[in-house]
Amino acid sequence: MPIHEKSLIRKENLVENESLVIDGVDVSGHWSTFITGRSLTDYNDDMQDEIAALPGGENIHRCWQCGSCTNACTVNAVNPEFNPRYWIYLIRLGMEEELLRDKDIIWQCVSCNKCTYACPRDVVPEGVMKATAHWLELKGHTPKSPSTEFDEEFSGQVIKTGKIEESRVIMNFFRRTEQPLAQPWLVALIKGLAFRFPVFYLMRMGMAVVRRPRTRNWAKSRRAINEYVQEVEAANRAAVGAKGGH
Amino acid sequence: MTKPVLIVGGGPAGLSAAHALASAGQKVVLVEKEDRLGGAPILDGYAKLVPSHEWAKDAIGAMVDRVQGREGVDVRLNAQVQSFEGEPGAFTATLKDGTKIEAGSTILTTGFTHFDSVNKPEWGFGTFPDVVTTVQVEQMISSGKGIRCPSDGRVPDRVAILLCVGSRDRQIGREWCSKICCTVSANIAMEIRELSPKTNVYIYYMDIRTFGLYEGDYYWASQEEHKVKYIKARIAEVTSDGKRLLVKGEDTLIKRPVSIPFDMVVHAIGMDPNVDNMTISSVFGVDLNKYGYIAKQSTYAHLAETNRPGVFVAGAATGPETIDDSIAQGQAAAMAALNFKPAGKVAAE
């Protein structure tokens, strides 16, 4: 029988054989298109433990699938594919392949925490989303998310100098994420500042960009912070069974 | 009442009734068809009991010890009542060996029969050796040999527990919920995880009924402390790929068919009416309810009464029941028997 609604079937599940003979009958060609089974064939027994070991994922085992998080979700209201309840279920049972289908939207969580306040089991779904995005990165399934890039730039500056310089954070963030520097909203912001801000403050800001001020006697703190960061990152990598840094 | 009370069945309910009556100075004859007292927890070798986590042989064993050999308690093992005649206050029970027992009243604590999983052939029991029942897992634990696949003795990497086997199933005429299997399964899952921490346990459920305080101590403790996983799916069939068992069904929360390999599949078997209930019904002249359990006359006013005056009932003979509730019902039936006054006799005295 011909397949009328191919659009309803996942592309990878449609199979055509250029030359195929079954029981002596030649069934080559597109008219003998097959649909492969779509049943789930295995669980990854370690998946829940790995994500629970990352910051934010600790309470995932409490979930009872009521769907309060998805109902409360800001992103779900815009994109029905964004479904924390569903992903928590996949993670808890170790349906890795299913989760990976959504790897390009999981990072879109805006951390509004409406789910966190709606959750009757205190799962902290926002934390779970964070841990899951982190897990996807550590496992090499996704590139670093924009928010990770931002965090790294931000904390990198703090660790290096003890301070942040906002304009450099913004500039470097745009460079890391390959976005144009001349964002319309940024241009508008700078123009507004130039016209309305007292000259004295503008001069101080300009000096800060040029001089890159540092916190005094920062070296000792930097060493301690670096040590701690390395420790945590090593623990995270160990938790997901990943090797080396990233 | 000077005549003894006849108690039929030496499980938790019968032991509890016998103890309560003896403590009140009432003579008791306890008839048990098997060669020892204790009922299902002892005869079927249960491991640790819900909710106390005491071993069955200790907890129920202690109930046996305080009844067996006690003055005023006449225990008859390997005995079955063949006929039961007379009037309330003056019954005569005849055992199969011909012995006659005079009794003023009687308490039926005849219990239940475990569901026989061969009646659900699609789930592989009797076809694949590594498909077992909760009772077999209880025995694996209580024997001290640990959790092993019967086929080759290996420790399973992965165990599936299927709930509602022989319960809530019109196909096989069993429309009741057996009440205890969810909690027992959660308990067993935790015990498996403790005995072999590398074994992952998955429970396939339609609903979870770990009622009352068991919600925290079993349903959530099994997930939070023991990492037992619950999957919402009614399993369609259990087959084999030649090496491992294949559990097929639909995961209804993600609307996808599943076909997952397992090393061992455990049927959480339900509680059937005692297989002898038709005989018991005709011997003692008591009605059965529409499910085949012994019918209670009233829920509130007259606890433990059957349709026949002077014949009381307690425990899992009346429907799926927990051990602790069976014990409570045994005491309630003892109370009813102690206070029982045959109609017309009061006036005559």
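This is a predicted model, so every value here is computed, not measured.

## Quick notes on the overall build of chain A
Consideration 1: Scanning chain A from terminus to terminus reveals 13 helices and four strands.
Consideration 2: Relative to the compact-globule value of 18 Å for 246 residues, chain A shows a C-alpha radius of gyration of 25 Å, a clear excess of over 25%.
Consideration 3: Across its three principal directions, the C-alpha atoms of chain A cover 85 × 40 × 40 Å.
Consideration 4: A total accessible area of about 15,600 Å² is found for chain A, and carbon and sulfur atoms account for 56% of it.

## Details of the domain arrangement of chain A
Consideration 1: For chain A, the domain assignment lists domain 1 (47–138) and domain 2 (146–231).
Consideration 2: The gap between the C-alpha centroids of domain 1 of chain A and domain 2 of chain A is 31 Å.

## Quick word on the pairing of strand β10 (residues 158–165) of chain B
Residues and elements named next belong to chain B.
Consideration 1: Summarising burial for β10: eight of the eight residues are buried, a large majority.
Consideration 2: The pairing of β10 with strand β11 (residues 200–205) spans five bridges and is parallel. Bridge pairing in β11 links Ile-161 to Ile-203.
Consideration 3: Regarding topology, helix α5 (residues 181–195) serves as the crossover connection from β10 to the parallel β11, and that connection is right-handed.
Consideration 4: With five bridges connecting them, β10 and strand β16 (residues 264–269) associate as parallel partners. In the strand pairing of β16, Leu-162 is matched with His-267.

## Considering the nonpolar core
Consideration 1: Counting 54 residues, the largest nonpolar core has Tyr-43 and Trp-87 of chain A together with Leu-162, Tyr-204, Val-238, Phe-262 and Val-265 of chain B as the members making the most contacts within it.
Consideration 2: No other element matches the seven residues that helix α4 (residues 84–93) of chain A contributes to this core.
Consideration 3: If we skip the residues at most four places from it in the chain, Tyr-43 of chain A touches Leu-93, Gly-94 and Met-95 of chain A together with Arg-158, Tyr-202, Tyr-204, Ile-231, Ile-260 and Phe-262 of chain B.

## Thoughts on helix α8 (residues 323–338) of chain B
All names here are of chain B.
Consideration 1: A rise of 1.5 Å per residue sets the reference length of α8, with its 16 residues, at 22 Å; its end C-alpha atoms lie 23 Å apart and thus fit the reference within 8%.
Consideration 2: Buried within α8 we find Ser-326, Gln-329, Gly-330, Ala-332, Ala-333, Ala-334, Ala-336 and Ala-337.
Consideration 3: As for α8, its buried residues are in contact with β1 (5–8), α1 (12–23), β7 (105–108) and β18 (311–313).

## Considering the sheet that holds strand β4 (residues 81–87) of chain B
Residue and element names in this part refer to chain B.
Consideration 1: In space, the three strands of this open sheet follow the order β4-β5-β6, with antiparallel pairing throughout. The open sheet has two free edges, formed respectively by β4 and β6 (100–103), since each of these has just one partner strand. Direction aside, the axes of adjacent strands within the sheet are offset by 20 degrees on average.
Consideration 2: Strand direction decides the pairing type here: β4 and strand β5 (residues 90–95), joined by six bridges, are antiparallel. Looking at β5, one finds that Val-81 is bridged to Leu-95.

## Topic: the packing of α4 of chain A against helix α8 (residues 125–138) of chain A
To characterise two packed helices, one gives the angle between the axes of the helices and the distance between these axes.
All names here are of chain A.
Consideration 1: The interhelical angle for the contact between α4 and α8, taken along N-to-C directions, is 60 degrees, at an axis separation of 11 Å. Accordingly, the angle class assigned to the pair α4 and α8 is oblique. Viewed along their axes, α4 and α8 form a crossing whose handedness is left-handed. Along the contact surface, α4 presents Pro-84, Trp-87, Ile-88 and Ile-91, while α8 presents Pro-125, Val-128, Met-129 and Thr-132.
Consideration 2: Residues that form the contact of α4 with α8 fall into these classes: seven nonpolar, one polar and no charged.

## Comments concerning the packing of aromatic side chains
Consideration 1: The full count for this structure, using the stated rule, is 21 aromatic pairs over all chains.
Consideration 2: On the basis of an interplanar angle of 45 degrees and a centroid distance of 4.9 Å, the ring pair of Phe-84 of chain B and Phe-284 of chain B is categorised as tilted. In this pair, Phe-84 of chain B sits in strand β4 while Phe-284 of chain B sits in helix α7 (residues 277–284), placing the two residues 200 residues apart along the sequence.
Consideration 3: Residue classification places Phe-284 of chain B among the buried positions, given a relative accessible area of 2%.
Consideration 4: Counting every residue linked through ring pairs, the aromatic cluster contains Trp-64 of chain A together with Tyr-205, Tyr-219, Trp-220 and Tyr-230 of chain B.
Consideration 5: Looking at Arg-121 of chain A, its charged tip hangs above the ring of Trp-220 of chain B, at a distance of 3.3 Å from the centre.
Consideration 6: Residue placement shows Arg-158 of chain B over the ring face of Phe-262 of chain B; its charged tip is 5.8 Å from the ring centre.

## Section: the sheet that holds β11 of chain B
Note on sheets: strands pair through backbone hydrogen bonds, and any given pair is parallel or antiparallel.
Residue and element names in this part refer to chain B.
Consideration 1: Reading across the sheet, the five strands line up as β9-β16-β10-β11-β12 and stay open at both edges, with parallel pairing between neighbours. Each having just a single partner strand, β9 (131–133) and β12 (229–232) make up the two edges of the open sheet. The mean angle between the axes of side-by-side strands here comes to 25 degrees, regardless of whether they run parallel or antiparallel.

## Here's the deal with the interface of chain A and chain B
Consideration 1: Each partner contributes to the interface: chain A provides 24 residues, whereas chain B provides 25 residues.
Consideration 2: Carbon and sulfur atoms make up 49% of the area that chain A and chain B hide from each other, which totals about 2,200 Å².
Consideration 3: At the boundary of chain A and chain B, one finds four salt bridges.
Consideration 4: Between Glu-224 of chain B and Arg-121 of chain A there is a salt bridge, with its nearest N and O atoms 2.8 Å apart.
Consideration 5: For the side of chain A that touches chain B, the secondary structure elements donating two or more residues are α1 (47–52) and α4 of chain A.
Consideration 6: It is α4 of chain A that provides the largest number of residues to the side of chain A that touches chain B, a total of six residues.

## Details of the pattern of salt bridges
Consideration 1: Applying the stated criterion across every chain yields a total of 29 salt bridges over all chains.
Consideration 2: The closest approach of N and O atoms between Lys-120 of chain B and Glu-122 of chain B, which form a salt bridge, is 3.1 Å.
Consideration 3: Here the salt bridges do not stand alone but share partners, grouping Lys-144, Glu-149, Glu-152, Glu-153 and Arg-176 of chain A into one network.

Calculation notes
Residues numbered from 1 in each chain as written. Chains lettered and ligands numbered in written order. Predicted model: local features only at pLDDT ≥ 70, side-chain atom pairs only at ≥ 80, totals over all residues. Heavy atoms only, no water. Helix = DSSP H or I, 4+ residues; strand = E, 2+ residues; numbered from the N terminus. Rg over C-alpha atoms; globule rule 2.2 N^0.38 Å. Areas by Shrake-Rupley, 256 points an atom, 1.4 Å probe, with all protein chains shown as cover. Domains from an automatic or database assignment. Buried < 20%, exposed > 50% of the residue type's maximum accessible area, 1.4 Å probe, protein only. Pairing = 2+ DSSP bridges. Right-handed = clockwise from strand over helix to strand, strands pointing away. Core = buried A, V, L, I, M, F, W, Y, C linked by side-chain atoms within 4.5 Å. Contact = heavy atoms within 4.5 Å. Expected span 1.5 Å × (residues − 1). Axes fitted to C-alpha atoms, helices over the stretch in contact; angles between N-to-C directions. Parallel < 35°, antiparallel > 145°, perpendicular 65-115°, else oblique. Left-handed = near helix turned anticlockwise from the far one by under 90°. Nonpolar A, V, L, I, M, F, W, Y, C, P; charged D, E, K, R; others polar. Phe/Tyr/Trp six-rings, centres within 6.5 Å; stacked < 30°, edge-to-face > 60°. Lys NZ or Arg CZ within 6 Å of the ring centre and 35° of its normal. Buried area = accessible area lost by both parts, 1.4 Å probe. Salt bridge = Lys/Arg side-chain N within 4 Å of Asp/Glu carboxyl O.

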